Amino acid sequence: MGVMNKLMGFLGLDNEEYIEETVQEEHEEADSSHKRQPASRANNVVPFQAREKEGIRLILCEPRHYSDAQDIADNLRHRRPVVVNLHRVEKDQAKRIIDFLSGTVYALNGDIQKVGDTIFVCTPDHVDIQGTISSVLEE
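Since the model is a prediction, treat every value here as computed from it, not as a measurement.

Undergrad: Outline the sheet that holds strand 1 (residues 59-61), listing residues and values.
TA: Pairing within the open sheet is mixed, and its four strands lie in the order 1-2-4-3. The sheet terminates laterally at strand 1 and strand 3 (111-114), the two strands that pair on one side only. The sheet shows a mean angle of 20° between the axes of neighbouring strands, direction not considered. Relative to strand 4 (residues 119-123), strand 3 runs antiparallel, the two sharing four bridges. Paired with Q113 across the bridge in strand 4 is V121. Along the sheet face, helix 4 (residues 69-77) touches strand 1, strand 2 (82-85) and strand 4 and points at about 160° away from the line of strand 2.

Dropping the structure here:
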């Protein structure tokens, strides 16, 4: 199972469902060993295409500390775009958060764009940002 998780992680596939299903399968196996009935695994298989049909979940974040940047990066690693509003953090902390997120999106082949005075959009590689905000260009 560890090799499968590493392979899915390398391919950039979110394996949260796989882990949840595996735990459920182990629970069913434990129950079936007590009842002496075979566990049905066919119902626990989730096709990869089903994930794409669900749509993209956009995460909105207002970090209050530099430590919140890791939670934002985790969402990006799980291929979720994030809108970050930095108006609640001090200027030096906001700069550190943006530096951290810039490194994260670079490592993931994603993108980060400023869309407001303290608002940034961070996207993984499968999300394209089109257009520009004129007030940001004037700065």
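Undergrad: Break down the pattern of salt bridges for me, citing the residues and quoting the values.
TA: Proximity of charged atoms lets side chains of opposite charge pair with each other. Here the structure, examined in full by the defined rule, presents four salt bridges. Residues E62 and R88 are paired through a salt bridge, measuring 3.3 Å at the closest nitrogen-oxygen approach. Residue E62 is located in the loop between strand 1 and helix 4, and its partner R88 is located in the loop between strand 2 and helix 5 (91-107); the two are separated by 26 residues in the primary sequence. Looking at E62, the relative accessible area reads 37%, which means it is partly exposed. Under the relative-accessibility criterion, R88 is labelled partly exposed at 42%. D99 is paired through a salt bridge with K95; the nearest N and O atoms lie 3.4 Å apart. Residue D99 and its partner K95 are located together in helix 5, separated by four residues, close to a single helical turn. Given the relative accessible area of 45%, D99 is considered partly exposed.

Calculation criteria
Residue positions within a chain follow its written sequence, with the count starting from 1. Where local features are concerned, this predicted model is filtered to residues with pLDDT of at least 70; where side-chain atom pairs are given and counted, the filter is 80 or more; whole-chain, interface and lining totals use all residues. Values shown for side chains rest on all heavy atoms present in the structure; no hydrogens or waters enter the calculation. The pairing criterion for strands is at least two bridges between them, as found by DSSP. Numbering goes from the N terminus for both helices and strands, where a helix is a DSSP run of H or I of at least four residues and a strand is a run of E of at least two. Fitted lines through C-alpha atoms give the axes, limited to the stretch in contact for helices. The angle between two N-to-C directions lies from 0 to 180 degrees. By definition, residues are in contact when any of their heavy atoms lie within 4.5 Å. For salt bridges, the criterion is a side-chain nitrogen of Lys or Arg within 4 Å of an Asp or Glu carboxyl oxygen. For every residue, the accessible area obtained with a 1.4 Å probe (protein chains only) is divided by the maximum for its type, and the residue is called buried under 20%, exposed over 50%, and partly exposed between those limits.

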